[in-house]
Amino acid sequence: MDAWGMPPRTTPSARQERVGTELRKMRDCAGRTTAEAAALFGFSRTKITQIEKGQYPISAERVKMLASDFKEGDAAYVEALAAMAEERHRGWWEDFRGSVPVGFLDIAEMEYFAEGMRTFQVSHVPGVMQTEDYARAIFSDLYPPLPPRLVEGRLEHRLQRSAVLMCEGAQPYSALVHEAALRMQFGGCATTKQQLDRLLDFSELPHVTLRVISFSAKGLIGAGQGVFYAKAPASRLDTVQLDAVGGPVFLHEQKQLENYRHIIDMMTERSLTESQSRDTIRLIKKEL
């Protein structure tokens, strides 16, 4: 057990790691050592290192004490970071621990706590907007192939993410989808038509913004990758998640966040309007 009566985590979640990373960045900016930070609470340098790696929890009160000691002047950022440290919610995604990759759990956790989400996809429909058959076709086409049991586990997890994020009253969700993704026939023609109908249904939800980037759009920075941007209560705690062959990659350096905000803004400017996007989806479905 640790100093707060909780056992250490050997595999911290991305959110826990983020708290530790922010504390380390705060300490580095202040020019303080781990020994100096440890002295504030009267424990070892090792404990500070473990906190900064997300392996041990830290209370909101102690986050604020460290921030004060490090002379951090951004009050909104400190409050948001303290709230992040205090929240030890056991979310629905924990039921999938051991049956889907840890990175998928981290994505679900990030989505749960986000105050707004933006994504752009070039070759796939956004995961939370996928139908069961469309998602199954994608998971069944991975290399090396997944055993059927793992395919079903990932599928169930994805459908649960969709149920959480695509229901009315959920946090704002904005998706930019390239026309190429709409024309890719994962699972065949019938599955693609069903998927396009699902997109149209989701596009009518009040908290969802869906816009299509057509083939006629001018050059597009970032067209070769899928990106998910999660907004936090303080912009310094925003997170970018990139899809990669080896699993999700999380970025949170300030310059990276600024770059991806700019890229998504540029893509939005070059996309069709929401109404034009729905018309395009209907046209593509008609052409299938």
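The structure this text deals with has already been given above.
As the structure is a prediction and not an experimental result, all values here were calculated from the model. (Residues numbered from 1 in each chain as written. Predicted model: local features only at pLDDT ≥ 70, side-chain atom pairs only at ≥ 80, totals over all residues. Heavy atoms only, no water.)

Asker: Please clarify how the overall build of the protein should be interpreted in this entry.
Answerer: Check the secondary structure of the protein and you find 12 helices and 6 strands. Taking 19 Å as the expected radius of gyration for a compact globule of 288 residues, we find that the protein reaches 21 Å, a close match to that expectation. A separation of at least 24 residues holds for 74% of the contacts in the protein among residues at least 6 apart in sequence. Accessible surface, the protein: about 13900 Å² in total, of which carbon and sulfur atoms supply 51%. (Helix = DSSP H or I, 4+ residues; strand = E, 2+ residues; numbered from the N terminus. Rg over C-alpha atoms; globule rule 2.2 N^0.38 Å. Contact = heavy atoms within 4.5 Å. Areas by Shrake-Rupley, 256 points an atom, 1.4 Å probe, with all protein chains shown as cover.)

Asker: Would you take a moment to explain empty space enclosed by the protein for this structure?
Answerer: The gaps left among the atoms become clear once a water-sized probe is rolled over them. Taken as a whole and assessed by the stated rule, the structure comprises 1 cavity of 30 Å³ or more. Here the largest cavity defines a volume of roughly 50 Å³. In terms of lining, the largest cavity is formed by L23, R27, A37, I48, I51, E52, L66 and F70. Counting only elements with at least two residues in the lining of the largest cavity, the list comes to α1 (14–30) and α3 (45–52). (1 Å grid on protein atoms, 1.4 Å probe; cavity = no way out; pocket = protein on both sides within 12 Å on 5 of 7 lines; lining within 4 Å. Points joined across faces, edges and corners; volume = space filled by probe spheres on them.)

Asker: How do you make sense of the nonpolar core when you look at a structure like this?
Answerer: Nonpolar side chains tend toward joint burial in soluble globular proteins. M129, M166, Y173, L182, L199, L210 and I281 are the most contacted members of the largest nonpolar core, which totals 30 residues. Those elements that place two or more of their residues in this core are α7 (132–139), β2 (173–178), α9 (179–183), α10 (189–203), β3 (208–213), β4 (227–231) and α12 (274–287). In terms of residue count, α10 provides more of this core than any other element does, 4 residues in total. Residues within four places of L210 in sequence aside, it is in contact with M129, A175, V177, L199, S203, E274, S277 and I281. Grouped together as the second largest cluster of nonpolar side chains are 26 residues, V19, Y56, V63 and A67 included. (Core = buried A, V, L, I, M, F, W, Y, C linked by side-chain atoms within 4.5 Å. Buried < 20%, exposed > 50% of the residue type's maximum accessible area, 1.4 Å probe, protein only.)

Asker: Looking at this structure, I do not really get unusual backbone geometry. What am I missing?
Answerer: Generally, phi is negative for residues other than glycine and the peptide bonds are trans, each holding for most cases. The omega torsion across Y143 and P144 is -5 degrees, close enough to zero to call that bond cis. Turning to its location among the elements, P144 is positioned in the loop between α7 and α8 (148–165). Even without a glycine there, the phi angle at K71 is positive, about 60 degrees. Exposure remark for K71: the relative accessible area of 69% places this residue in the exposed category.

Asker: Before we go on, may I ask you to explain the layout of surface pockets in this structure?
Answerer: Quantified by volume, the largest pocket comes out at close to 1000 Å³. If you go around the largest pocket, you meet 38 residues; those closest to its centre are F104, H124, R158, D243 and A244. For the lining of the largest pocket, the leading source of residues is α8, giving 4 residues.

Asker: What exactly am I supposed to notice about the sheet that holds strand β1 (residues 116–121) here?
Answerer: The pairing of strands in a sheet happens through backbone hydrogen bonds and is either parallel or antiparallel. What the 6 strands build is an open sheet, ordered β3-β2-β1-β4-β5-β6; its pairing is mixed. Edge positions in the sheet fall to β3 and β6 (249–251), since each of these pairs with one other strand and no more. Neighbour to neighbour, the strand axes of the sheet diverge by 15 degrees on average, direction disregarded. Bridge count between β1 and β4: 5 bridges; the pairing is antiparallel. Looking at β4, one finds that T119 is bridged to F228. (Pairing = 2+ DSSP bridges. Axes fitted to C-alpha atoms, helices over the stretch in contact; angles between N-to-C directions.)

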